[in-house]
Amino acid sequence: MRKVQFFLLFLLAGATACEQTMLSSANLLTARLATQNYYVANSGNDSNTGDISSPLKSIAYALSLAQPGDSVIVRTGIYFEKLVFPRSGSSGAYITLTSYPGENALISGNGLPSSGHDALVKITSMDWIKINGMEIAHYSTSDGGKMLDGLLVNGTSSNIEITNNHVHHIHNNASPSVGREAHGIHIKGTGSTAMTNILVEGNSIHDNRTGTSENLTINGYVDQFVIRNNEIYNGENIAICIAGGYGANGLPAVDYARNGQVIGNKIWNIDGRTGQVPVLLQAAGTIGIYIDGARHIVVDRNRIWDSDRGIGLVSENDGFPTEFCVVRNNVVHNNRAEGIYLGGYANYTTGGTKSCLVLNNTLYYNAGELGYYGEYVGEIRLNSNCHYNEIHNNILVSRPTMGTFIRKHDSTGSFNGIDFNLYFSSGSTNRWYWNGSALNSFSAWKGGSGGDSNGIYGNPLFANVAASPPDFSLQALSPAINVGNNAHGTSAGTLDFLGNPRYHAVIDIGAIEYQ
């Protein structure tokens with residue numbers, strides 16, 4: 001870019017005033033099209049040019065220089081900075097913050113002050129921004145009145161890509177009895193227009209101390225987003241939360257996330273017993289993927305294991321039901337409580353879960369502990385105020401020591417369709433609950449619930465559950481093959497859990513289509 005500018009100055013020197021004006025207007029625009037890379041290194045100096053051989057010292061200063069289409073490229077090292085993006089990119093011309101290829105740039109909050117709702121990296125009402133390949137870590141407080149985030153995107157920010165970052169050790173260390181909040185990545189639509197076109201992909205998020213908050217959160221007025229192929233682990237509360245009704249946006253009519261996809265994420269060791277939740281619940285209650293008061297969300301091809309609960313379609317707030325969501329083709333196994341949870345919490349909210357689909361999931365050896373009331377919780381639970389939901393084509397394999405498949409906890413709710421599911425336990429106990437009453441055989445379940453007239457009880461014949469990770473593919477003689485309900489069409493997805501075509505003839509039961 002500097003060579004182009006020098007050439008323009010040379011032309012201007014020999015031109016008339018009018019010619020100078022024309023050349024300046026036309027050619028400086030051409031010069032701006034030559035995007036700039038600003039390099040940053042620990043050995044740099046902010047009086048340098050920012051070239052790779054003359055890097056800047058401060059990421060914040062480099063961002064202050066970056067214009068639409070420019071990139072700030074950070075060399076390996078530790079950078080003790082809090083960053084706020086000062087301007088937007090433009091359509092097709094992102095402002096990009098990225099680490100140098102093959103190197104690790106750490107933005108560290110170690111020793112940095114914090115106040116109120118604070119973040120190491122913040123984007124407020126800015127558009128066309130990319131953050132890629134950065135490590136964001138070690139930001140902490142012991143003040144329960146503060147909320148700390150690793151990366152915060154809020155206001156009306158749109159066209160944001162957060163990819164391949166490593167976010168960890170964002171800690172609120174206040175006593176759980178006082179309360180504490182923090183997030184790894186926090187997307188919060190606080191403005192009067194929606195945040196749109198948000199991508200959070202390929203990030204590693206772990207070992208955060210979030211209190212009653214979450215590792216990755218989409219909240220408020222956010223419309224059209226994708227949360228894909230992230231790994232989230234070693235957390236004390238919810239891994240992914242898509243929320244509404246919490247006052248993130250001052251306009252209640254739009255205060256919920258909508259039209260989002262949660263695809264291909266891996267979640268493990270999310271343990272509520274290590275943080276705030278035990279003070280509140282005294283039981284395994286944290287959820288891997290939590291859709292709470294959001295609408296039109298697709299949860300597809302995720303894997304969740306060794307956590308409390310797997311997937312929740314839940315509402316904690318009156319007037320904000322979880323609606324029109326699809327949970328499909330997920331593998332949820334070896335968790336301490338329910339594999340999939342629907343509905344509001346008893347005697348707490350009337351929001352409930354409405355018009356949602358739970359299709360073609362494989363649930364294996366969840367519900368290893370009793371629930372809050374000392375109850376058997378089941379692979380799937382329908383709690384209060386579930387209406388017009390359909391639970392079809394799922395495989396539910398219960399732990400032999402527990403033997404509980406589905407628990408409809410109370411008599412609230414209406415018109416929930418449960419059919420074409422396959423159940424199996426190698427133990428002697430087989431248990432379902434309908435409106436709180438136990439049904440101790442498959443025939444009793446079908447008669448008592450009025451569902452599963454096309455359901456099956458039998459061994460699904462998985463390929464190898466002893467493998468690491470377990471292989472839940474179907475063997476050739478599996479009773480789950482070609483017996484599912486085809487009526488859902490593309491709502492069941494075009495790909496199975498492994499990324500293979502979903503339909504061959506009649507859809508198979510479970511997350512993996514037999515090939």
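Residues numbered from 1 in each chain as written. Predicted model: local features only at pLDDT ≥ 70, side-chain atom pairs only at ≥ 80, totals over all residues. Heavy atoms only, no water.

Re the overall build of the chain
Filter applied, for reference: A run of DSSP states H or I qualifies as a helix once it reaches four residues; a run of E qualifies as a strand once it reaches two. Both are numbered from the N-terminal end. The buried label goes to any residue with under 20% of its type's maximum accessible area, the exposed label to any with over 50%, and the partly exposed label to all in between, with areas taken from a 1.4 Å probe on protein chains only. Should any heavy atoms of two residues lie within 4.5 Å, those residues are considered in contact. Note that accessible areas follow from Shrake-Rupley with a 1.4 Å probe, and for residues the cover is restricted to the protein chains shown. Only four residue types enter the tally: Lys and Arg on the positive side, Asp and Glu on the negative side; His and the chain ends are excluded. A charge is said to be at NZ when it belongs to Lys, at CZ for Arg, at CG for Asp and at CD for Glu.
A count of helical and extended segments in the chain gives five helices and 44 strands. Dimensions along the principal axes, computed over C-alpha positions, put the chain at roughly 95 × 55 × 45 Å. Counting all 515 residues of the chain, 58% fall into the buried class. The contacts in the chain between residues at least 6 apart in sequence include a share of 76% that link residues at least 24 apart. Carbon and sulfur atoms form 52% of the exposed surface of the chain, whose accessible area is close to 19,200 Å². For the chain, the distance from the average site of its 31 positive side-chain charges to the average site of its 40 negative ones is 2 Å.

Comments concerning the packing of aromatic side chains
To keep things clear, this is the line we draw: Think of it this way: a Phe, Tyr or Trp ring, Trp meaning its six-membered ring, pairs with another when their centres are within 6.5 Å, and the plane angle makes it stacked under 30 degrees, edge-to-face over 60, tilted otherwise. Only lysine NZ and arginine CZ atoms are considered, and such an atom sits over a ring when it is within 6 Å of the ring centre and within 35 degrees of the ring normal.
Using the criterion set out here, one finds 22 aromatic pairs in the structure. Each ring, one from Y94 and one from W128, has its centre 5.2 Å from the other, and the planes form 70°; the classification is edge-to-face. With Y94 in the loop between strand 4 (83–84) and strand 5 (95–99) and W128 in the loop between strand 7 (117–124) and strand 8 (129–132), this residue pair connects regions lying 34 residues apart in the sequence. With respect to burial, Y94 and W128 carry one shared label: buried. Among the aromatic residues, those joined into a ring-pair cluster are F405, Y423, F424, W432, W434, F442, W445 and Y457. Positioned over the ring face of Y100 is R75, at 3.9 Å from the centre of the ring. Taking the ring centre of Y433 as reference, the NZ or CZ of R407 above it sits at 4.2 Å.

Topic: the pattern of salt bridges
Pairing between side chains of opposite charge can happen when the charged atoms of each approach one another. Just so we agree on the cut-off: What makes a salt bridge here is a side-chain nitrogen of Lys or Arg within 4 Å of a carboxyl oxygen of Asp or Glu, nothing more.
Throughout the structure, instances matching the rule amount to 13 salt bridges. Residue R328 is joined to D300 by a salt bridge in which the shortest nitrogen-to-oxygen separation is 3.4 Å. Remark: D300 occurs in strand 23 (residues 295–300) and R328 occurs in strand 27 (residues 326–328); sequence separation between them is 28 residues. Residue R328 is classed as buried on the basis of its relative accessible area of 14%.

Observations concerning the pairing of strand 16 (residues 216–220)
Two faces make up the sheet, and in a regular strand the side chains alternate between them. Inclusion rule: At least two DSSP bridges between two strands are needed for those strands to be called paired.
Within strand 16, five of the five residues are buried, leaving the element largely enclosed by the surrounding structure. In this sheet, strand 16 lies alongside strand 13 (residues 181–189) in parallel orientation, the contact comprising five bridges. Its bridge partner lying in strand 16, G189 is registered against G220. Pairing analysis gives four bridges linking strand 16 to strand 19 (residues 240–243), with the strands arranged parallel. Counted as the bridge partner of I218 is I242 from strand 19.

Some details on helix 5 (residues 442–449)
Threshold: Regarding the arc, it is the one traced by the directions from the helix axis to the C-beta atoms.
Along helix 5, the positions that sit buried rather than exposed are F442, W445 and S449. Projected down its long axis, helix 5 shows its buried positions confined to an angular sector of 55°, all on one face. Facing away from the buried side of helix 5 by more than 90 degrees, the exposed set consists of S443 and G447. Elements that come into contact with the buried residues of helix 5 comprise strand 37 (404–408), strand 38 (417–419), strand 39 (422–424), strand 40 (431–434), strand 41 (437–439) and strand 42 (456–457). At the exit of helix 5 stands G450, carrying a positive phi of roughly 75°.

Topic: unusual backbone geometry
Backbone torsion omega between S468 and P469 reads 0°, so that peptide bond is classified as cis. With respect to the helices and strands, the residue P469 is situated in the loop between strand 43 (462–464) and strand 44 (471–474). With a phi angle near 60°, N164 is a residue other than glycine that sits in the positive phi range. Along the polypeptide, N164 turns up in the loop between strand 11 (160–163) and strand 12 (166–172). Phi is positive for N197, which is not a glycine, with a value near 55°.

Describing the environment of H504
In plain terms, the rule: We define a polar contact as two N or O atoms separated by no more than 3.5 Å, with the added condition that, inside protein, one atom must be a possible hydrogen donor and the other a possible acceptor, whereas residues neighbouring each other in sequence contribute only through side-chain atom pairs.
Structurally, H504 can be placed in the segment after strand 44. Taking the C-alpha atoms as reference points, H504 and Q515, separated by 11 residues in sequence, lie 8.3 Å from one another. Sequence-distant contacts of H504, defined by excluding residues within four places in its chain, comprise E513, Y514 and Q515. In terms of polar contacts, H504 uses its side chain to reach the side chain of Q515, at 3.2 Å.

As for the side chain of D149
Tracing the backbone shows D149 in strand 10 (residues 147–155). No salt bridge is formed by the buried D149, whose closest oppositely charged neighbour, K188, lies at an N-O distance of 7.3 Å. Within the structure, D149 has its side chain in polar contact with the side chain of H183 (distance 2.7 Å). Side-chain polar atoms of D149 contact the side chain of H186, separated by 3.0 Å. Contacts of D149, omitting those with residues within four sequence positions, involve H117, D118, A119, L120, Y139, I170, A182, H183, G184 and H186.

Notes on the state of the cysteines
In a disulfide, the sulfur atoms of two cysteines are held together by a covalent bond. What counts, and what does not: To count as a disulfide, a pair of cysteine sulfur atoms needs to be within 2.5 Å.
In total, this model carries zero disulfides according to the counting rule given. In this model C356 remains outside any disulfide bridge; the closest cysteine sulfur is found in C325, 4.4 Å from its own. Here C386 is not cross-linked by a disulfide; its sulfur's nearest cysteine counterpart is in C356, at 8.8 Å.

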